[in-house]
Amino acid sequence: MSQLARELGISRPLLYLHLQRLEDAKLVKGYHEISDNGKAMKYYEINPFSIELNEDLLAQAASSLTIKNKQE
């Protein structure tokens, strides 16, 4: 999860919050495994779903976007 948080440019707690919300919405499924060294690991997989795209849905999604400027 640390690597994904770094790649997305967000903190691990914020990533976990988003993953929890996706799991609550049944868009992803989380499950635990124990690694060879005894560390508990949580994995997520995407549940199959479909969304019918139409003009109204795209307009609604576009109006909710924010653009974050990255300092390079």
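Since we're looking at a predicted model, the values are computed, not measured. Sequence order as written defines residue numbering, which begins from 1 separately in each chain. Residues qualify for local features only when their pLDDT is at least 70, as the model is predicted, and side-chain atom pairs are given and counted only at 80 or more; totals for whole chains, interfaces and linings, by contrast, use all residues. Excluded from the side-chain calculation are hydrogens and water; included are all heavy atoms of the structure.

With that out of the way, let us pick up the side chain of Glu-23. By the element assignment, Glu-23 lies in helix α2 (residues 12-24). A 1.4 Å probe rolled over the protein chains alone gives each residue an accessible area, and that area as a share of the maximum for its type sets the label: buried under 20%, exposed over 50%, partly exposed in between. Look at Glu-23 and you get buried, because its relative accessible area is 17%. N or O atoms closer than or at 3.5 Å make up a polar contact, with two conditions inside protein: a donor-capable atom paired with an acceptor-capable one, and, for residues adjacent in sequence, both atoms drawn from side chains. A distance of 3.3 Å separates polar atoms of two side chains, one belonging to Glu-23 and the other to Lys-42. Contacts between residues were defined by any pair of non-hydrogen atoms, one from each residue, lying within 4.5 Å. With near-sequence residues (within four places) excluded, Glu-23 lies in contact with Val-28, Lys-29, Gly-30, Lys-42 and Tyr-44. Comment: elements are numbered from the N terminus, with helices defined as DSSP H or I runs of at least four residues and strands as E runs of at least two.

Attention shifts here to the confidence of the model for the protein. As a per-residue measure, pLDDT tells how confident the predictor is, with possible values from 0 to 100. Per-residue confidence for the protein gives a mean pLDDT of 90; residues scoring 70 or more make up 96%. Confidence scores differ between elements of the protein, with helix α1 (residues 2-8) showing the lowest mean pLDDT of 88 and α2 the highest of 95.

Any carboxyl oxygen of Asp or Glu within 4 Å of a side-chain nitrogen of Lys or Arg constitutes a salt bridge here. Under the definition given, this model contains 1 salt bridge. The salt bridge involving Glu-23 is made with Lys-42; its shortest N-O contact spans 3.3 Å. Taken as a pair, Glu-23 in helix α2 and Lys-42 in strand β2 (residues 40-46) lie far apart in primary sequence, 19 residues in all.

Now for the environment of Pro-48. With respect to the helices, strands and loops of the structure, Pro-48 is situated in the loop between β2 and α3 (55-63). For the pair Pro-48 and Ala-25, spaced 23 residues apart in sequence, the C-alpha to C-alpha distance is 12 Å.

Any residue with relative accessible area above 30% and no salt bridge may belong to a patch, with like charges joined within 9 Å and the nonpolar Val, Leu, Ile, Met, Phe, Trp and Tyr side chains within 5 Å. Accessible surface is estimated by sampling points in the Shrake-Rupley manner with a 1.4 Å probe; for residues, cover comes only from the protein chains shown. On the surface, a nonpolar cluster with roughly 640 Å² of combined accessible area is contributed by Ile-46, Phe-49, Ile-51, Leu-53, Leu-57 and Leu-58. Within the secondary structure, Ile-51 is located in the loop between β2 and α3.

There is about 290 Å³ of room inside the largest pocket. Of all the secondary structure elements, the ones that give two or more residues to the lining of the largest pocket are α2 and β2. Method remark: on a 1 Å grid restricted to protein atoms, a set of points is classed as a cavity if a 1.4 Å probe fits but cannot get out and as a pocket if it is open with protein on both sides within 12 Å along at least five of seven lines; lining residues have an atom within 4 Å of a point. Grid points are joined across faces, edges and corners, and a volume is the space filled by probe spheres set on the points.

Within 6.5 Å between ring centres, the rings of Phe, Tyr and Trp (the latter by its six-membered ring) count as paired, and their orientation is classed by plane angle as stacked under 30 degrees, edge-to-face over 60, tilted in between. Using the criterion set out here, one finds 1 aromatic pair in the structure. The interplanar angle of 25 degrees and the centroid separation of 5.9 Å between the aromatic rings of Tyr-31 and Tyr-43 together place this pair among those described as stacked. Of the two residues, Tyr-31 sits in strand β1 (residues 28-34) while Tyr-43 sits in strand β2, which places them 12 residues apart along the sequence. For Tyr-43, a relative accessible area of 36% corresponds to the partly exposed category.

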